[in-house]
Amino acid sequence: MTTLQAAPAKIEHVVLGPDEEPPVTLTPKAIEMVKEALVAEKLEGHGLRVFVEGGGCSGFRYGLDFEETPRSGDFEMNFDGLRVFVDPVSAMNLEGTTIDYVLGMSGSGFKFNNPN
């Protein structure tokens, strides 16, 4: 007798609830600056993609980009109305990371504070 098994369900993306620990968090200033950039770029309704990619000899490189919708397998978080997308591999490397927006003598920009 042959046993048929159902194919595993394809996970489109995972929306994290308010009680779930997100792999990355954003400070209020970072959220404000991303929202301002979305308006300036006329990308209202888009979300922020946060990712990590190999940087060769210097290790990992953090990145930010705007996207309209999450990709298959992404984690989706909501920070004060800002949707944030992180792929599963980046999520592992970003675990516990806080993204801030800083102003300094050498300029301003987003700063990743990764305890790992």
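Computed from a prediction, not measured in an experiment: that's the story for all the values here.

Caption draft 1: A look at the overall build of the protein chain. A tally of regular secondary structure across the protein chain gives two helices and eight strands. Each helix (α) and strand (β) of the protein chain, taken in turn from the N terminus, gives the series β-β-α-β-β-β-β-α-β-β. Each of the 116 residues in the protein chain was classed as buried or not, and the buried ones make up 32%. Relative to all contacts within the protein chain whose residues are 6 or more apart in sequence, the contacts with residues 24 or more apart total 52%.

Caption draft 2: Broad picture of helix α1 (residues 28-40). With 13 residues, α1 ought to run about 18 Å at 1.5 Å a step, and its terminal C-alpha atoms sit 18 Å apart, in line with that. Taken as a whole, α1 has its buried residues at Ala30, Ile31, Met33, Val34 and Leu38. The arc that holds every buried residue of α1, seen down its axis, measures 165°, which confines them to one face. Turned more than 90 degrees away from the buried face of α1, the exposed residues are Pro28 and Ala40. Downstream of α1 by a residue or two, lysine 42 has a phi angle that is positive, lying close to 55°.

Caption draft 3: Structural view of the sheet that holds strand β7 (residues 97-104). Read from one edge of the open sheet, three strands run β2-β7-β8, paired in mixed fashion. Two strands lie at the open edges of the sheet, namely β2 (24-26) and β8 (107-113), each paired on one side alone. Adjacent strand axes in the sheet meet at a mean angle of 25° when their direction is disregarded. Pairing of β7 with β8, which is carried by seven bridges, proceeds in the antiparallel orientation. In the sheet register, glycine 104 faces β8, and the bridge partner there is glycine 107. Packing against the sheet, α1 makes contact with β2, β7 and β8, and its axis sits at approximately 75° to β7.

Caption draft 4: Looking closely at the confidence of the model for the protein chain. This prediction gives the protein chain a mean pLDDT of 86; 85% of its residues lie at or above 70. Here residues 1-10 is a poorly scored stretch, pLDDT under 50, and it has one contact once near neighbours within four places are set aside; other chains count.

Caption draft 5: Highlighting the pattern of salt bridges. According to the stated counting rule, one finds seven salt bridges in the structure shown. Notably, a salt bridge pairs lysine 35 with aspartate 80, separated by 3.4 Å at the nearest N-O pair. Residue lysine 35 is located in helix α1, and its partner aspartate 80 is located in the loop between β5 (74-79) and β6 (82-86); the two are separated by 45 residues in the primary sequence. Using a relative accessible area of 30% as the deciding quantity, one classes lysine 35 as partly exposed. As a salt-bridge pair, glutamate 67 and arginine 49 come within 2.9 Å of each other at their nearest N and O atoms. You can see glutamate 67 sitting in strand β4 (residues 60-67) and its partner arginine 49 sitting in strand β3 (residues 47-54), a full 18 residues away along the chain. Neither glutamate 67 nor arginine 49 differs from the other in exposure class; each is buried. Connected via shared salt-bridge partners are Arg49, Glu67, Arg71 and Asp74.

Here is what the cut-offs are and how they apply
Residues numbered from 1 in each chain as written. Predicted model: local features only at pLDDT ≥ 70, side-chain atom pairs only at ≥ 80, totals over all residues. Heavy atoms only, no water. Helix = DSSP H or I, 4+ residues; strand = E, 2+ residues; numbered from the N terminus. Buried < 20%, exposed > 50% of the residue type's maximum accessible area, 1.4 Å probe, protein only. Contact = heavy atoms within 4.5 Å. Expected span 1.5 Å × (residues − 1). Arc of directions from axis to C-beta. Pairing = 2+ DSSP bridges. Axes fitted to C-alpha atoms, helices over the stretch in contact; angles between N-to-C directions. pLDDT = per-residue confidence, 0-100. Salt bridge = Lys/Arg side-chain N within 4 Å of Asp/Glu carboxyl O.

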